[in-house]
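Inside the fold
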Amino acid sequence: MFEVSKQDKKICRMLIERGLQLEYVRSLVNVEDIVRQWRSGKLSNRDAYMNMFNAVKRNDKHIARRYDGLGGSRYPYVVAALLADGLITEADLAEMQPRTREAIMIMATGYQ
C-alpha cells in the first residue's frame, strides 16, 4: 500500500466520476439496444422486459461493487480498473505523480 497525495486523489476523484458517467452510458445503451430489438419484433414483450430487467440489475450490481462506499484508499484501485476496462486512458493519468501513475498502470495490468 502506498500513500496517494491530495492532488492525485483529486485527479482520481475526477476520473472516477468520469468513469461512473460512462458506466451509466453503457447501461443505457444496453437497454436501448434491447428496446430496439423489441420494437423490431425480434423479442417478445416478456423477453424484452426480462432482458432489460436483468441488464439493469447486472449493471447496477457492477456499479455498486465498484463505486459504493468508496474511500480515498480505494481510489487508485478503482482508477486502475477503469483503465483496464478502457473507460479512461493512460493519457488521463498524465498529471499524476510518477509513482502513483506507475502503481495504477501495474494494477491495471492485473485486471486484464
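Structural data are supplied above this passage.
**Describing the pattern of salt bridges**
Enumeration according to the criterion identifies 5 salt bridges in this entry. One salt bridge connects Arg-36 with Asp-33, and the closest N-O pair in it is separated by 3.5 Å. One end of the pair, Arg-36, and the other, Asp-33, are both in helix α1 (residues 6-39), 3 residues apart, so they sit about a helical turn from each other. Among the ionic pairs, Arg-66 bridges to Asp-85, the shortest N-O distance being 2.6 Å. Here Arg-66, found in helix α2 (residues 45-67), pairs with Asp-85, found in helix α3 (residues 75-85); they are 19 residues apart in sequence, far enough to count as distant. You can call Asp-85 partly exposed: its relative accessible area is 33%. Through salt bridges that share partners, Glu-23, Arg-66 and Asp-85 make up one connected network.

The rules behind each value
Residues numbered from 1 in each chain as written. Predicted model: local features only at pLDDT ≥ 70, side-chain atom pairs only at ≥ 80, totals over all residues. Heavy atoms only, no water. Salt bridge = Lys/Arg side-chain N within 4 Å of Asp/Glu carboxyl O. Helix = DSSP H or I, 4+ residues; strand = E, 2+ residues; numbered from the N terminus. Buried < 20%, exposed > 50% of the residue type's maximum accessible area, 1.4 Å probe, protein only.

Everything listed is a geometric property; what it means functionally is a separate question.
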